[in-house]
Every structure is written in C-alpha cells, then in structure tokens.
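Chain by chain, the residues run as shown.
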Amino acid sequence: MRKQISIIGAPMDLGQSRRGVDMGPSAIRYAGVVERLESLGYTVEDCGDISIGKRERFEETSKVLKNLKAIAKACGELCKTIETEVKRERFPLVLGGDHSIAIGTLAGVSRPYKNLGVIWYDAHGDLNTAETSPSGNIHGMPLAVSLGYGDPQLTSTGGYQPKVKPENVVIIGARALDMGEREFIKEKGIRVYTMHEIDRLGMTRVMTETIEYLQERTDGVHLSLDLDGLDPNEAPGVGTPVNGGITFRESHLAMELLAESDLLTSAEFVEVNPILDIQNKTGKLAVDLMGSLFGEKLL
C-alpha cells in the first residue's frame, strides 16, 4: 500500500433513518487515527470533511428513495475529492458516515482501474434498489448502485458506470439479506461469505480465498468496511446492528492478512454512530482495525 495516506471525512447521515452517524468521522479522528497511522511510518494528510447538506434543505425528488438529491450531490463531491487524491498517488482512506457514501467513494477510486475489486465487509449486502428496498434508505443500495443498478442520479456519479463488475466483488460477513438481494446475488454470481462460511471455514481460509480470488482478476482492490459487520457486542455504536457477527479477533486477523497481501489501493470505514456507542468503543475499534490493516504488529 502507498505510504502516503489522505484521510477524507464524509459525515453523511442522509442514507438511513437513525441520526448521529454524521459524527462518525469526528469519533474516529478523536480515537487517534492520524497518530496511529503516523506511528506506523505513514505520511498522513487529513483533508477534512466534504460538505453535506441538511436533509430539510433539499426538496425530495423521489417518493421511494429518501434524500435522493442530497445524497447524489454529496457523493458527487466526495468522488471529486477522492479523484484529486488518487491523481496525487495517495491512498484514499474515507471515514463515514453511513454506507451510502460508498457510491461516491467507488466512483472516485475506480476510474484508473479496468478491473477494480471490492471487499464488502458488512452484515448486509447493500444490493437493494428502489424496487426491492423495504425502507427506501439509500445506505442499503450503494453496492447495487456501483454495479450500475439503481436511480440514474446515483449510478451516474462520476460520469460513468458501472464502477465495478459483479465477478470482482466479495462480500464478507453477510447475515441480513433481503429477498431481492438474495435473488440479485444468485443472478449476478456475486461471491459471498456469510457468517455460516466464516464459522465453518474459519476467517483464515475465507480471507486467503478472497485474496487469491481477487489477485487473479483485479488490478486494484477497495475495502468497504461497515462496522456493523462485527458483532454488536464488539461494535455497539452502529445504526443497524445484527447479532451473531464477526468477532474482534477475527476482524483483526482479516485486516492483518490484507496487510500482508499488499492488495488494497483504497479503503473506507463507515457507520460509526457515537450517539449509540459506549465511550467511543466503536470509534476506537475502527482505529484498531486500521492499525492492523496498515501493518501494525505485536512483534
């Protein structure tokens, strides 16, 4: 991974119904992300936060998709900010914010690559569209949007689509999939490691297979890590917790194996909600995982 990191905050809370996740970037910074990465020998530049409009300032343009116009605008700005850092040959590390920000992140990081790979570390598939979503919350749609499925205001972010191909996606930790998402996964042939596979195979094999699979077919890999991928006992400060998730130790192992692979070209950590957290436990956990991801070792 590049030794120069650009941190970009995306304090978005428009993609879901529970307020507070807009403070996620601040919580992660407060937990010492810059100092942690600098101690590992990286040159870190904190680019600050992109501007996110308030939901009540935007007129709704869709009866189904909540805050569509505002999210499309914010993701467009995030895309441009990331593209600037990519051109500077820096590693973009994005702090969320709800997972709808991944629409802008993937639009910003994928343009230089013919076959960008994506590791979606999440309890959810985020593969809904307006037709399949039970809630209309766009944070349940960013992966589908990045594959080219969804409202044109979102799929056109960055001026091109799709950002990633289905065969270049690996979902890890899924345990809450809507019916439409299950059908989408089967139809598109997306590789998924549910909690059943993690329990049965072990995290070492899951990550080894994921790394080998993506090494064969991609020219860059983005990690999109939703903290609700971890068990709520480990990460209580998330908006959509699902019991029976990945453990603290399994997640560190996953990050350590990714660090050893030297595969990643960009990353984002999303859905930290300090209002729902306990003494910034989830923000600190995010920073701990980043430490492992960027090569921190005990010895």
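Criteria and cut-off values
- Residues numbered from 1 in each chain as written.
- Predicted model: local features only at pLDDT ≥ 70, side-chain atom pairs only at ≥ 80, totals over all residues.
- Heavy atoms only, no water.
- Helix = DSSP H or I, 4+ residues; strand = E, 2+ residues; numbered from the N terminus.
- Rg over C-alpha atoms; globule rule 2.2 N^0.38 Å.
- Buried < 20%, exposed > 50% of the residue type's maximum accessible area, 1.4 Å probe, protein only.
- Contact = heavy atoms within 4.5 Å.
- Areas by Shrake-Rupley, 256 points an atom, 1.4 Å probe, with all protein chains shown as cover.
- Pairing = 2+ DSSP bridges.
- Axes fitted to C-alpha atoms, helices over the stretch in contact; angles between N-to-C directions.
- UniProt positions renumbered as here; feature names shortened; annotations may be inferred.
- Polar contact = N/O pair within 3.5 Å; in protein donor to acceptor, adjacent residues only side chain to side chain.
- Salt bridge = Lys/Arg side-chain N within 4 Å of Asp/Glu carboxyl O.

With that out of the way, let us pick up the overall build of the protein. Looking only at helices and strands, one finds 11 helices and 8 strands in the protein. Scaling as 2.2 N^0.38, a compact globule of 299 residues should have a C-alpha radius of gyration of about 19 Å, and the protein matches this with 17 Å. When the backbone C-alpha atoms are referred to their principal axes, the protein occupies close to 55 × 40 × 40 Å. When each of the 299 residues of the protein is scored for burial, the buried share is 59%. Long-range contacts, defined as pairs at least 24 residues apart, comprise 76% of the intrachain contacts of the protein with a sequence gap of at least 6. Per element, the accessible surface of the protein, about 12100 Å² overall, is 48% carbon and sulfur.

A few words on the sheet that holds strand 2 (residues 43-49). Judged by pairing direction, the sheet is parallel, and its 8 strands sit side by side in the order 2-1-3-8-7-4-5-6 without closing on themselves. Strand pairing shows two members of the sheet lacking a second neighbour, strand 2 and strand 6 (191-194), which therefore form its edges. Strand-to-strand, the axes of this sheet are offset by a mean angle of 15 degrees, without reference to chain direction. Direction of pairing for strand 7 (residues 220-226) relative to strand 8 (residues 264-270): parallel, over a ladder of 6 bridges. Pairing of H222 across the sheet is with S266, part of strand 8. Against the sheet, helix 10 (residues 248-261) engages strand 4 (116-121), strand 7 and strand 8, with an angle of about 165 degrees to strand 4. Packing against the sheet, helix 11 (residues 281-293) makes contact with strand 3 (91-96), strand 7 and strand 8, and its axis sits at approximately 170 degrees to strand 8.

On to the UniProt feature "binding site: Mn(2+) 2" (unreviewed entry) in the protein, then. The positions UniProt marks with the feature "binding site: Mn(2+) 2" (unreviewed entry) are H124 and D126. Looking at the element boundaries, H124 is found in the loop between strand 4 and helix 5 (142-146). Those residues in contact with H124 that sit more than four places away from it in its chain are A176, L177, D228, T240 and V242. Mapping D126 onto the fold places it in the loop between strand 4 and helix 5. Beyond its immediate sequence surroundings of up to four residues, D126 is in contact with H99, W120, H139, G140, M141, P142, L143, A144 and E181. A distance of 3.3 Å separates polar atoms of two side chains, one belonging to D126 and the other to W120.

Our focus in this paragraph is unusual backbone geometry. G96 connects to G97 through a cis peptide bond whose omega is 15 degrees. Among the secondary structure elements, G97 is positioned in the loop between strand 3 and helix 4 (102-109). Following Q161, the chain continues to P162 via a peptide bond in cis, the omega torsion being -10 degrees. Tracing the chain through its elements places P162 in the loop between helix 6 (152-155) and strand 5 (169-174). Even without a glycine there, the phi angle at D126 is positive, about 50 degrees. For D126, a relative accessible area of 4% corresponds to the buried category. At E271, a position not held by glycine, the phi torsion is positive, near 70 degrees. Relative to the elements of secondary structure, E271 occurs in the loop between strand 8 and helix 11.

One pass over the full model with this rule turns up 12 salt bridges. Ionic pairing is found between E85 and R88, a salt bridge with its closest N-O pair at 2.7 Å. Assessed through its relative accessible area of 6%, E85 is described here as buried. On the basis of relative accessible area, R88 is assigned to the partly exposed category, the value being 39%. R90 is paired through a salt bridge with E85; the nearest N and O atoms lie 4.0 Å apart. On the basis of relative accessible area, R90 is assigned to the buried category, the value being 5%. Sharing partners across several salt bridges, the network here consists of E45, E85, R88 and R90.

Right, let's talk about the UniProt feature "binding site: Mn(2+) 1" (unreviewed entry) in the protein for a bit. Taking the UniProt record as the reference, the feature "binding site: Mn(2+) 1" (unreviewed entry) is found at H99, D122, D226 and D228. A compact arrangement is adopted by the annotated residues: their sequence extent is 130 residues, whereas the largest C-alpha distance between any two is 10.5 Å. Accessibility expressed as a relative area gives 2% for D226, which makes it buried. Filtering out sequence-adjacent residues up to four positions away, D226 remains in contact with H99, Y121, D122, V270 and E271. Within polar-contact distance, the side chain of D226 engages the backbone nitrogen of D228 at 2.8 Å. Taking the relative accessible area as the measure of exposure, D228 reaches 1% and is therefore buried. In this structure D228 touches D122, A123, H124, R175, V238 and T240, once residues within four positions along its chain are discounted.

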